[in-house]
Amino acid sequence: MTAEGMSDCLFCRVVARKSPADIEYEDDAVLAFKDIYPKAPVHLLIVPKRHIASIMAMEPGDAEVIGRCLLAARKLGEAKGFAERGYRVSVNCGPEGGQHVYHVHFHFLAGRRSGA
Ligand code: 5GP
Ligand code: ZN
């Protein structure tokens, strides 16, 4: 995606601080912020700072940053006191997978028991 095109991406705008978000974690490659419509007492979105549209568009060179998102999930789980109780990390992929924002994001859901 071109630099111009990325201004059309909601989560690229959050990364660039052009859209507001409650940021909970940041490192050089990853950002995590509160979901605006939380579906659990703690509902964060963990995104690579670099635009990747979907897991369906993931390339081998994206593997490290995707892994870094999962490491951020572990850190958030520990920082927020869910290391013992656990939490859910999920990714929606494509139209039938329920993906609405086409910048890869991991949902981090905690504070309520998740079903299957
Ligand atoms: P998806 O449905 O693509 O897996 O998840 C997109 C998520 O982004 C949804 O849970 C939705 O509530 C969240 N969301 C949509 N718009 C915004 C926004 O402007 N800011 C934040 N923080 N979250 C958003
Ligand atoms: Zn993006």
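First, a word on scope: everything that follows refers to the structure included in this document. Computed from a predicted structure; not experimentally measured.

## A few points about the coordination of the zinc ion (ligand 2)
Consideration 1: Coordination of the zinc ion (ligand 2) by the protein comes from Cys9 (SG), Cys12 (SG), His51 (ND1) and His103 (ND1), over a distance range of 2.0 to 2.3 Å.
Consideration 2: What the 4 donor atoms of the zinc ion (ligand 2) show is an angle range of 106 to 117 degrees at the metal, which sorts the shape as tetrahedral.
Consideration 3: Site description for the zinc ion (ligand 2): donor spacing in sequence, C-x2-C-x38-H-x51-H. Here cysteine 12 is found in helix α2 (residues 10–15), whereas its partner histidine 51 is found in the loop between β3 (42–48) and α3 (63–79), with 39 residues between them in sequence.

## So, the side chain of aspartate 35
Consideration 1: Locating aspartate 35 in the fold gives a position in the loop between β2 (30–34) and β3.
Consideration 2: One buried charged side chain, aspartate 35, makes no salt bridge at all; its nearest oppositely charged neighbour is lysine 39, positioned 4.0 Å away.
Consideration 3: Within polar-contact distance, the side chain of aspartate 35 engages the backbone nitrogen of tyrosine 37 at 2.8 Å.
Consideration 4: Residue contacts for aspartate 35: discarding those within four places in its chain leaves His43, Leu44, Leu45 and His107.

## Focus on the site of ligand 1
Consideration 1: Around ligand 1 sit 16 residues, and of these Lys34, Asp35, Asn92, His100 and His107 come closest.
Consideration 2: Separating an oxygen atom of ligand 1 from a side-chain N or O atom of lysine 39 is a distance of 3.1 Å.
Consideration 3: In the model, an oxygen atom of ligand 1 is placed 2.9 Å from a nitrogen or oxygen of the histidine 105 side chain.
Consideration 4: A total of 520 Å² of accessible area belongs to ligand 1 in isolation, and the protein chains cover 84% of it.
Consideration 5: Residue assignment for the shell around ligand 1 shows that the elements contributing at least two residues are α2 and β2.

## Digging into the sheet that holds strand β4 (residues 88–90)
Consideration 1: Read across the sheet, 5 strands follow the order β1-β2-β3-β5-β4 without closing on themselves; strand pairing throughout is antiparallel. Each edge of the sheet is formed by a strand with only one pairing partner; in this case those strands are β1 (23–26) and β4. For this sheet, the mean inter-axis angle between neighbouring strands, taken without regard to orientation, is 20 degrees.
Consideration 2: Where β3 and strand β5 (residues 106–110) come together, 5 bridges link them in antiparallel fashion. Bridging across to β5, leucine 44 finds its partner in phenylalanine 108.
Consideration 3: Sheet strands in contact with α3 are β1, β2, β3, β4 and β5, and its direction is about 150 degrees off that of β3.

About the cut-offs
- Residues numbered from 1 in each chain as written.
- Chains lettered and ligands numbered in written order.
- Predicted model: local features only at pLDDT ≥ 70, side-chain atom pairs only at ≥ 80, totals over all residues.
- Heavy atoms only, no water.
- Donors = N, O, S within 2.8 Å, 3.2 Å for Na, K, Ca; no water.
- Tetrahedral: all angles 85-135°; square planar, octahedral: opposite > 155°, others 65-115°.
- Helix = DSSP H or I, 4+ residues; strand = E, 2+ residues; numbered from the N terminus.
- Buried < 20%, exposed > 50% of the residue type's maximum accessible area, 1.4 Å probe, protein only.
- Lys, Arg positive; Asp, Glu negative; His and termini not counted.
- Salt bridge = Lys/Arg side-chain N within 4 Å of Asp/Glu carboxyl O.
- Polar contact = N/O pair within 3.5 Å; in protein donor to acceptor, adjacent residues only side chain to side chain.
- Contact = heavy atoms within 4.5 Å.
- Near = heavy atom within 4 Å.
- Areas by Shrake-Rupley, 256 points an atom, 1.4 Å probe, with all protein chains shown as cover.
- Pairing = 2+ DSSP bridges.
- Axes fitted to C-alpha atoms, helices over the stretch in contact; angles between N-to-C directions.

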